[in-house]
Amino acid sequence: MLTKRIIPCLDIKDGRTVKGTNFVDLRDAGDPVELGRLYAEQGADELVFLDITATVEKRKTLRELVNRISHGINIPFTVGGGISSVEDVSVLLQHGADKISVNTAAFKNPALITDLEKSFGSQCVVLAIDTRLEEDGNWYVYLNGGRTRTERLCTDWAKEGVARGAGEILLTSMNHDGTKQGFALDITAELSRSLQVPVIASGGGGNAAHFAEVFEKAGADAALAASIFHFKEVAIPDLKAELAARGLPIRR
Amino acid sequence: MTTAIVQYNAGNIRSVLYALERIGTTAIVTDDPEQLRSADKVIFPGVGEASSAMAYLKERGLDQVIAGLTQPVLGICLGMQLMCSWSEENDTVCLGIFPEKVKRFRPADKLLKVPQIGWNNITRLKSSLFEGVAENSYCYFVHGYHAAIGSHTIATTDYGGDYSSGLHRENFYGVQFHPEKSAAVGEQILRNFLFKINT
């Protein structure tokens, strides 16, 4: 039986792991390859490396990091952060990345998704969407790491992304990110029930009950978290044991 | 011992090479017929679309080269599907090494997404390729098309119905999952192929 995936996310800046709460206040949490290998050994099903480096050296350092990761880690991994061209993606895949995620660049140029799907197949194209629930009751798409609001509704953009060839949606609720109070169940459920492709829920996971409800109630195919793993608040083997005990399909 | 990885227009070739390096060996990545024929083991990986991959192989005569290999050959994911007789993906005639046909997933349960992405069990394991691998072990799958169960099935997986996650005929082996991304289980399967299988 296909299992629900637990995905630690490692935010990378200048080759080191960091994690922001509500996208600010970065804290250092170690070496990405060492941390990734540890998570893989503990039973992580996949890893996401999100590069938030903004320097001109970015492409080179990311390429080198991806090369190190792919030599050191025996589970699939996704690389994202500032990816804006077929050429960027080609280089990262050649260095061993399994998937890449696109966010702001894909929103500004949706044909990028189509081009990536044609060049590499939808299985390696993850569309990352940062979204916020506003007072009018709608979920809006945000860009640039949550700093720029758009008028586009999350569900509309997700549907367009899938129609253009995205193979998975990585959905981050900005309302929930960093709170450890649970995932955004309603928007996750809306997407996972209406889209043909897997949905990875992100933002708000603080304990095993939160992961259980996003799988059971919202139908998420995978759930992603960062700081609870980096700061050892939740251990992956304990999390997976508890989810399995609740009857969820979990790889152990 | 020389291992050759078939170089063609399908993704993830490097991932297989890196996985071999992680288990302490290496391979040449080549599309040269002589190098492929003279290697002790050949790995035929691939992620991508069937018809464009077959067209690429045919243009270069690699279809004949692969089908004519006599040493152990391991097809992975698209590689395994291309070793079958036909794929529904753009109605593609494939290499015909395995008579099984490849069809798209059409799960009755609409919550089962296509493609299947993630970790699923492999069961009814029937080959030395799986020596030391427990029944129901988890492997990593990414695919929208699947091979039917047939007389050459050596591993079975359930995704809205049973299909072949492993095939074997004479010197040809195929796995639908990605051993290069399937943690310790995948490394055991790669080791078995490289170091245990002789024919």
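All figures in this text were calculated on a predicted structure; none of them were measured in a lab.

Focus on the UniProt feature "active site" (unreviewed entry) in chain A
All names here are of chain A.
Item 1. Sites flagged by UniProt as "active site" (unreviewed entry) map to Asp11 and Asp130.
Item 2. Within the secondary structure, Asp11 sits in strand S1 (residues 5-13).
Item 3. Among the residues examined, Asp11 registers 25 C-beta atoms within 10 Å and is labelled buried.
Item 4. Secondary-structure assignment places Asp130 in strand S7 (residues 125-133).
Item 5. Exposure remark for Asp130: the 26 C-beta atoms within 10 Å place this residue in the buried category.
Item 6. If sequence neighbours within four positions are ignored, Asp130 has contacts with Asn103, Tyr142, Gly146, Thr172 and Met174.

A short note on the UniProt feature "domain: Glutamine amidotransferase" (unreviewed entry) in chain B
Item 1. The sites that UniProt annotates as "domain: Glutamine amidotransferase" (unreviewed entry) are residues 13-196 of chain B.
Item 2. Across residues 13-196 of chain B, helical content stands at 28% and strand content at 29%; the span's end C-alpha atoms are separated by 23 Å.

Looking at the nonpolar core
Item 1. With 144 residues, the main nonpolar core has Ile169, Ile200 and Ala223 of chain A as its most contacted residues.
Item 2. A total of six residues in this core trace back to one element, the largest contributor, which is helix H1 (residues 13-22) of chain B.
Item 3. For Ile200 of chain A, the contacting residues outside a window of four places in its chain are Ile7, Glu168, Ile169, Leu170, Leu171, Ala220, Asp221, Ala222, Ala223 and Leu224 of chain A.

Side note on the interface of chain A and chain B
Item 1. Each side of the interface is counted separately: chain A has 27 residues, and chain B has 29 residues.
Item 2. Secondary-structure elements contributing two or more residues to the side of chain A that touches chain B are helix H2 (58-72) and helix H3 (86-94) of chain A.
Item 3. Taken together, the residues that form the side of chain A that touches chain B break down as 10 nonpolar, 11 polar and six charged.

Quick notes on H3 of chain A
Turn by turn, an α-helix covers 3.6 residues, leaving residues three or four places apart pointing in a common direction.
Residue and element names in this part refer to chain A.
Item 1. Where H3 is concerned, the buried positions are Asp88, Val89, Leu92 and Leu93. Looking straight down H3, one finds its buried side chains confined to an arc of 125 degrees; they lie on one side.
Item 2. Phi for Gly96, located one or two positions after H3, is positive at around 110 degrees.

What about the confidence of the model for chain A?
Detailed reading of predicted coordinates is not advised where the pLDDT is low.
Item 1. Looking at chain A, the pLDDT average stands at 92 and 96% of residues meet or exceed 70.
Item 2. The low-confidence segment residues 20-28 of chain A, where pLDDT is below 50, has 14 contacts with residues more than four positions distant or belonging to other chains.

Quick notes on unusual backbone geometry
Item 1. Of the consecutive residues Val114 of chain B and Pro115 of chain B, the connecting peptide bond is found in the cis state with omega at 5 degrees.
Item 2. Within the secondary structure layout, Pro115 of chain B lies in the loop between strand S7 (101-104) and strand S8 (116-122).
Item 3. For Asn144 of chain A, which is not a glycine, the phi torsion comes out positive at approximately 55 degrees.
Item 4. Position of Asn144 of chain A relative to the elements: it lies in the loop between strand S8 (139-143) and strand S9 (148-153).
Item 5. By C-beta crowding, Asn144 of chain A is classed as exposed, having 12 other C-beta atoms within 10 Å.
Item 6. In the Ramachandran plot, Cys77 of chain B falls in the positive-phi region, its phi being about 55 degrees despite a non-glycine side chain.
Item 7. One can find Cys77 of chain B in the loop between strand S4 (73-76) and helix H5 (78-82).
Item 8. Residue classification places Cys77 of chain B among the buried positions, given that 27 C-beta atoms sit within 10 Å.

Considering the confidence of the model for chain B
Item 1. Averaged over every residue, the pLDDT of chain B is 95; residues scoring 70 or more account for 99%.
Item 2. Scored as a whole, the predicted complex attains pTM 0.93, and scored at its interfaces, ipTM 0.91.

A short note on the environment of Val197 of chain A
Item 1. As for its position among the elements, Val197 of chain A is in the loop between helix H7 (185-194) and strand S11 (199-202).
Item 2. Taking C-alpha positions, Val197 of chain A is 32 Å from Lys60 of chain A, a pair spaced 137 residues apart along the chain.
Item 3. The residues contacting Val197 of chain A, other than those within four sequence positions of it, are Val162, Ala166, Gly167, Glu168 and Ile169 of chain A together with Lys113 of chain B.

Comments concerning the packing of helix H8 (residues 208-216) of chain A against helix H10 (residues 236-245) of chain A
Think of two packed helices as two axes; the pair is described by the angle between the axes and how far apart they sit.
All names here are of chain A.
Item 1. Relative orientation of the contacting elements H8 and H10 amounts to 50 degrees, with a least axis distance of 9 Å. What the angle tells us is that H8 and H10 run oblique. Considering only the axes of H8 and H10, their crossing is right-handed. For the pair H8 and H10, the contacting residues are Ala208, Phe211 and Ala212 in the first and Leu239, Glu242 and Leu243 in the second.

A short note on the pairing of strand S10 (residues 168-173) of chain A
All names here are of chain A.
Item 1. When you tally the buried positions in S10, you get six out of six residues, the bulk of the element.
Item 2. Side chains of S10 alternate between two faces, with Glu168, Leu170 and Thr172 and Ile169, Leu171 and Ser173 buried alike.
Item 3. Strand direction decides the pairing type here: S7 and S10, joined by six bridges, are parallel. In the strand pairing of S10, Thr131 is matched with Ser173.
Item 4. Direction of pairing for S10 relative to S11: parallel, over a ladder of four bridges. Within S11, the position partnered with Ile169 by the bridge is Val199.

Description of the UniProt feature "active site" (unreviewed entry) in chain B
Residue and element names in this part refer to chain B.
Item 1. Taking the UniProt record as the reference, the feature "active site" (unreviewed entry) is found at Cys77, His178 and Glu180. A maximum C-alpha distance of 10.8 Å is found for the annotated residues, which run over 104 residues; spatially they form one tight group.
Item 2. With residues up to four places along the chain from it excluded, the contact list for Cys77 reads Pro45, Gly46, Val47, His143, Gln176 and His178.
Item 3. Counting through the fold element by element, Glu180 comes out in the loop between strand S13 (172-175) and helix H6 (183-196).

Some details on the pairing of S8 of chain B
All names here are of chain B.
Item 1. With seven of seven residues buried, S8 is to be regarded as a mostly interior element.
Item 2. As paired strands, S8 and strand S9 (residues 137-143) are joined by seven bridges and run antiparallel to one another. Residue pairing across strands places Ile122 opposite Ser137, the latter belonging to S9.

What counts and how
Residues numbered from 1 in each chain as written. Chains lettered and ligands numbered in written order. Predicted model: local features only at pLDDT ≥ 70, side-chain atom pairs only at ≥ 80, totals over all residues. UniProt positions renumbered as here; feature names shortened; annotations may be inferred. Helix = DSSP H or I, 4+ residues; strand = E, 2+ residues; numbered from the N terminus. Buried ≥ 20, exposed ≤ 12 C-beta atoms within 10 Å, placed from the backbone. Contact = placed C-beta atoms within 7 Å. Core = buried A, V, L, I, M, F, W, Y, C linked by C-beta atoms within 7 Å. Nonpolar A, V, L, I, M, F, W, Y, C, P; charged D, E, K, R; others polar. Arc of directions from axis to C-beta. pLDDT = per-residue confidence, 0-100. Axes fitted to C-alpha atoms, helices over the stretch in contact; angles between N-to-C directions. Parallel < 35°, antiparallel > 145°, perpendicular 65-115°, else oblique. Left-handed = near helix turned anticlockwise from the far one by under 90°. Pairing = 2+ DSSP bridges.

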